[in-house]
Amino acid sequence: MFNRFFLILLTGCAVLFAQRVTFELHVLSTSAAHGQGTFAAADIDGDGKTDIVNGHSPNTMNWRSWDAPETAYAIETGGGNPGCEIQAADMDGDGDADAIAGSSNGNAPCWWENPRPGGDPKAGAWTRHGSMTTSEMHDLDVCDIDNNGMMDVTNRNKSNTLNILFQTDTGWKKATLGMDDTEGTGYGDIDGDGDLDMTDGTSWYETPSNAASGGSWTKHPIGSFSCNLRRVCLADLNKDDRLDVMVSPAEYQSCPLLVYLCPEDPKTGTWQQVQVWPAKDNNFHTLEAFDMDLDGNVDIVTGATHGPNDGSVTKRMFIFFNENGEGTQWHDTSWVTPKGVWQAQVADIGSDGDYDILNCDYGAGIGQYEYWENTLDPPPVGIRHQSPRSSGSGSAVLKNGRLVNLSGQAVAVDLRGRLIQRGLSVEGSRPVSGLVIVANMETGRIGTVLAGVSGAALSAAR
């Protein structure tokens, strides 16, 4: 049985934070973390609930069911190093979530094919495509950049070059994009034109319509950030349907945690800078944005990462609550973690309507894999799950990792609280992995949860 204890995070102000955020700690493993100690989240077994994918111990790659996270099922048992980050998405378009990690082959990523829909991911063998890497792969992400309905793979290897591997009908096409400094990449539709753009925290790069065939990205300024090792995240922090940018120092550098609020015209306007946390010897290698207390505002999750294990550095998990819902006033709450916070991921494990934290630390040989279960009460309206291929209620159609044709006043947000593109009339839609909540803006209540959008998703009613 795994270890447990309860942590009560008191907001200190009942008026601002009506609900306490309470977490229950599950220790999944105490093995060394770096290079294999990362998490992803997706519905692996097709039960409509978000499960856990993790690298290392007892196998090189595992997945764990939401209802019994202490049990690890093998994805990859052979030796190797999946790199600093792993992802889960539907790579082959068959409606289930596959696992993705680094590859030493420059023309194709390494991904493991889920035995579903015909097999059992608990017992069946996962087919590996590509070869595992022995070098560090940083900023690994999976998303459909060129809007062809297939998942693409991007990564940076601590350099100012982003490698983009476009998946096409005839194989993989590689492209590169020069970016600022050496770490930190985020993705989202910044200009609202229906495709994913990229940001490194100080600039954003407008994706061309011919991205996969050699098109050029247009670079637009955001703001300044002097630390070259950083984490980057995008979310709509002030409910204006525009994506804002968060950037933090990742490795013991003296920089603040900043928010840049997107102007009405992100190409020509000035991004408003807001300091969330002051410049000091920060090491926020995690940067996630979710509504952690379910008050309708997107919050920030981060933490102090690896360092001396002699007690000289206090390793803490932080939640910065979006106090006014405008992204300009932040209330910080933190607690000491057993081993620190290096590569945490936020996801709704079990799809019960609140957000949990998967965490591990670099560890220097003594890392720990943790699952901090959010014990908030579920939303007042029951969440109904349905298959991505189900006819369902017809409230939305899936296409290229986005929801389209939302009915009435429904709105959808993705795993980082971003507004998902809507209003497109598209035939022949195909699902990709993950979950999305459709919220009704008229009633402010959660409606249908659809399995089938990239990422492990969800947002409370806004």
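Participant: Explain the confidence of the model for the protein chain residue by residue, including any values.
Facilitator: Taken over all residues, the pLDDT of the protein chain has a mean of 74, while the share at 70 or more is 69%. Per-residue pLDDT, averaged within each element of the protein chain, yields its smallest value for strand β30 (residues 384–386) (28) and its largest for strand β18 (residues 218–221) (97).

Participant: Outline the packing of aromatic side chains, listing residues and values.
Facilitator: This model, assessed by the stated rule, comprises 9 aromatic pairs. Connected via pairs of aromatic rings, a cluster forms that spans W277, F284, F318 and F320.

Participant: How would you summarise the nonpolar core if you had to cite specific residues and measurements?
Facilitator: Of all hydrophobic cores here, the largest spans 19 residues; its most connected members are F23, M292 and I357. Elements with a minimum of two residues in this core: β2 (21–29) and β25 (316–322). The element contributing the most residues to this core is β2, with 4 residues.

Participant: Can you lay out the pattern of salt bridges for me, pointing to particular residues and giving the numbers?
Facilitator: Within this structure, the stated rule accounts for 8 salt bridges. A salt bridge links R231 to E85, with the shortest nitrogen-to-oxygen separation between them at 3.5 Å. In this pair, R231 is assigned in strand β19 (residues 230–235) and E85 in the loop between β6 (73–76) and β7 (87–89), connecting sequence segments 146 residues apart. One exposure class covers both R231 and E85, and it is buried. A salt bridge links E183 to K158, with the shortest nitrogen-to-oxygen separation between them at 3.2 Å. Taken together, the residues span a long stretch of sequence, with E183 in the loop between β14 (171–178) and β15 (186–188) and K158 in the loop between β12 (152–156) and β13 (161–168) at a distance of 25 residues. With relative accessibility at 0%, the residue E183 sits in the buried group.

Participant: Go over the side chain of D189, please, and point to the residues and values.
Facilitator: Along the chain, the position of D189 falls in the loop between β15 and β16 (197–199). Within polar-contact distance, the side chain of D189 engages the backbone nitrogen of G192 at 2.9 Å.

Participant: Outline the pairing of β25, listing residues and values.
Facilitator: Across the 7 residues that make up β25, a large majority, 6, are buried. As defined by bridge partners, strand β24 (residues 299–303) adjoins β25 across 4 bridges and the pair is classed as antiparallel. Within β25, the residue paired with V301 across the bridge is I319. In this structure, β25 lies alongside strand β26 (residues 330–336), joined through 7 bridges in antiparallel fashion.

Participant: An account of the sheet that holds β16 is requested, with residue identities and associated values reported.
Facilitator: Within a sheet, each strand pairs with its neighbour through backbone hydrogen bonds, oriented either parallel or antiparallel. In space, the 4 strands of this open sheet follow the order β15-β16-β17-β18, with antiparallel pairing throughout. The open sheet has two free edges, formed respectively by β15 and β18, since each of these has just one partner strand. Geometrically, the sheet is characterised by an average inter-axis angle of 25° between neighbouring strands, direction not taken into account. Pairing analysis gives 4 bridges linking strand β17 (residues 203–206) to β18, with the strands arranged antiparallel. Bridge pairing in β18 places W204 opposite H220.

Quick notes on the rules
- Residues numbered from 1 in each chain as written.
- Predicted model: local features only at pLDDT ≥ 70, side-chain atom pairs only at ≥ 80, totals over all residues.
- Heavy atoms only, no water.
- pLDDT = per-residue confidence, 0-100.
- Helix = DSSP H or I, 4+ residues; strand = E, 2+ residues; numbered from the N terminus.
- Phe/Tyr/Trp six-rings, centres within 6.5 Å; stacked < 30°, edge-to-face > 60°.
- Core = buried A, V, L, I, M, F, W, Y, C linked by side-chain atoms within 4.5 Å.
- Buried < 20%, exposed > 50% of the residue type's maximum accessible area, 1.4 Å probe, protein only.
- Salt bridge = Lys/Arg side-chain N within 4 Å of Asp/Glu carboxyl O.
- Polar contact = N/O pair within 3.5 Å; in protein donor to acceptor, adjacent residues only side chain to side chain.
- Pairing = 2+ DSSP bridges.
- Axes fitted to C-alpha atoms, helices over the stretch in contact; angles between N-to-C directions.

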